[in-house]
Amino acid sequence: MTPKRQRRAVEVGEYSDPLKRYDGNPPQDDLERQLCEGTVAQIAQTPVAFISPIDTVEDGVQRMAELNVGCLLVVETDRLVGIFTQSDLLLRVIDRYDLIKGTLLRDVMTPDPIFVRNTDQPAKAINLMSVGGFRHIPVLDCDDRIVGLIGPRRVTAYLREHFAKV
Amino acid sequence: MGLRDDLLKEPVSKLAISPGVRFPPTAPVRAAVEALREKREGCVIVVNDHGRPEGKFTEHQLAGLIATRPGFLDEPISRHMRTAWAQIRIDEPIASLIHKLQDYRLRYVIVVDEEGKAQGVIGQRALMHFISEYFPHHVKTSRMSAKVSMDAREGA
């Protein structure tokens, strides 16, 4: 039989709150403060390029080329159902374009994409881009309506605007 | 020091510089596309025999080429590479990179050493990695999927 462990008495003043570091370090400058206390809505880009899931791959490629954009949000009855990006083009389309150009976009898009809320902090979106490797992240409001798109170019523009302000 | 100071003072070498995918100008676009896919990169550096960059080819060009140039995959990359590119020295501050990305509306900048030889490629992703290190507590903890409801009820 294992001996019962004796709980050591805590000296007065010895207690240390294990959650005291939960909030992390406070922002060191104004830029950090804006990125961790502001909202994605301040950075998100609008308007966004949309397409329907029942459009064809050829329609998607043409639209991307015409608008010179890196991604299209796939929308059905005002709801985000997928995203079609240059990575999809590279991974699933380019080698067999002639065979699948008549295929519906919903068969080659990335379904149920990761998104952020317009009230989330920009730092969260940047972390998602970094950790998840996403270049474009749709921004939705609390009713799941699309209100924008955040990507690295908008983030760098925001950083530069900040340099200009200081 | 905060993020702003670090962006202004820290050199580009602090970022995760990708060695990049390099091809000679005579390589077919198909080989470059396959390399981009395998290495999960977005940019090919086209280099000459001396290792100096002559151009770049990015995945951003693909949609336009598919739409307008059938058969481009078997053409040499020199026919489709962008000969106007931006480069940055490895010891320049990160703020310079931000300016170049914005000024020229680029995703990638070629990193060169003092002799002008290509060291790799750096893009917006590396910059996002750098910035995210300042916000380790700001991870997204709410639901990650666009799916509104669960397929089955949770629990028994």
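The structure under discussion appears in the preceding block.
What counts and how
Residues numbered from 1 in each chain as written. Chains lettered and ligands numbered in written order. Predicted model: local features only at pLDDT ≥ 70, side-chain atom pairs only at ≥ 80, totals over all residues. Helix = DSSP H or I, 4+ residues; strand = E, 2+ residues; numbered from the N terminus. Buried ≥ 20, exposed ≤ 12 C-beta atoms within 10 Å, placed from the backbone. Contact = placed C-beta atoms within 7 Å. Nonpolar A, V, L, I, M, F, W, Y, C, P; charged D, E, K, R; others polar. Core = buried A, V, L, I, M, F, W, Y, C linked by C-beta atoms within 7 Å. Axes fitted to C-alpha atoms, helices over the stretch in contact; angles between N-to-C directions. Parallel < 35°, antiparallel > 145°, perpendicular 65-115°, else oblique. Left-handed = near helix turned anticlockwise from the far one by under 90°. Pairing = 2+ DSSP bridges.

A. Inspection of the overall build of chain B at higher detail. A count of helical and extended segments in chain B gives five helices and six strands. When the helices and strands of chain B are read in sequence order from the N terminus, they spell out α-β-α-β-β-α-β-α-β-β-α. The 156 residues of chain B split such that 38% are buried. A sequence separation of at least 24 residues applies to 59% of the contacts in chain B between residues at least 6 apart.

B. Structural context of the interface of chain B and chain A. Every contact between the two is made by 39 residues of chain B and, on the other side, 42 residues of chain A. For the side of chain B that touches chain A, the element with the most residues is helix H5 (residues 124-132) of chain B, which contributes six residues. Of the residues belonging to the side of chain B that touches chain A, the class tally is 22 nonpolar, eleven polar and six charged.

C. Up close: the nonpolar core. One finds Ile150(A), Val44(B), Leu97(B) and Val109(B) to be the most contacted residues of the largest nonpolar core, which totals 81 residues. Setting aside chain neighbours within four positions, we find Ile150(A) in contact with Val40(A), Ile43(A), Ala44(A), Gln45(A), Val116(A), Ala125(A), Ile137(A) and Val139(A).

D. Inspection of the packing of helix H5 (residues 122-132) of chain A against H5(B) at higher detail. Remark: H5(A) packs on H5(B), axes separated minimally by 8 Å, with the N-to-C direction vectors making an angle of 125°. Relative to H5(B), the element H5(A) lies oblique. As H5(A) runs across H5(B), the sense of the crossing is left-handed. Residues Ile126(A), Asn127(A), Met129(A) and Ser130(A) of H5(A) lie in contact with H5(B), whose contacting residues are Met128(B), His129(B), Ile131(B) and Ser132(B).

E. Broad picture of the pairing of strand E3 (residues 79-85) of chain A. All names here are of chain A. In terms of burial, E3 is largely enclosed, as five of its seven residues are buried. Where strand E2 (residues 71-76) meets E3, six bridges bridge the pair, whose relative direction is antiparallel. Its bridge partner lying in E3, Leu72 is registered against Phe84. Two successive antiparallel strands, E2 and E3, enclose a turn made up of two residues, where Thr77 displays a positive phi of approximately 45°.

F. Up close: the sheet that holds strand E5 (residues 116-117) of chain A. Residues and elements named next belong to chain A. Ordered in space as E5-E6-E7, the three strands form an open sheet in which the pairing is mixed. Either end of the sheet is taken by a strand with one partner, and the two such strands are E5 and strand E7 (146-150). For E5 and strand E6 (residues 137-140), the ladder comprises two bridges, and the chain directions are parallel. Each residue of the ladder has a partner; that of Val116, found in E6, is Val139.

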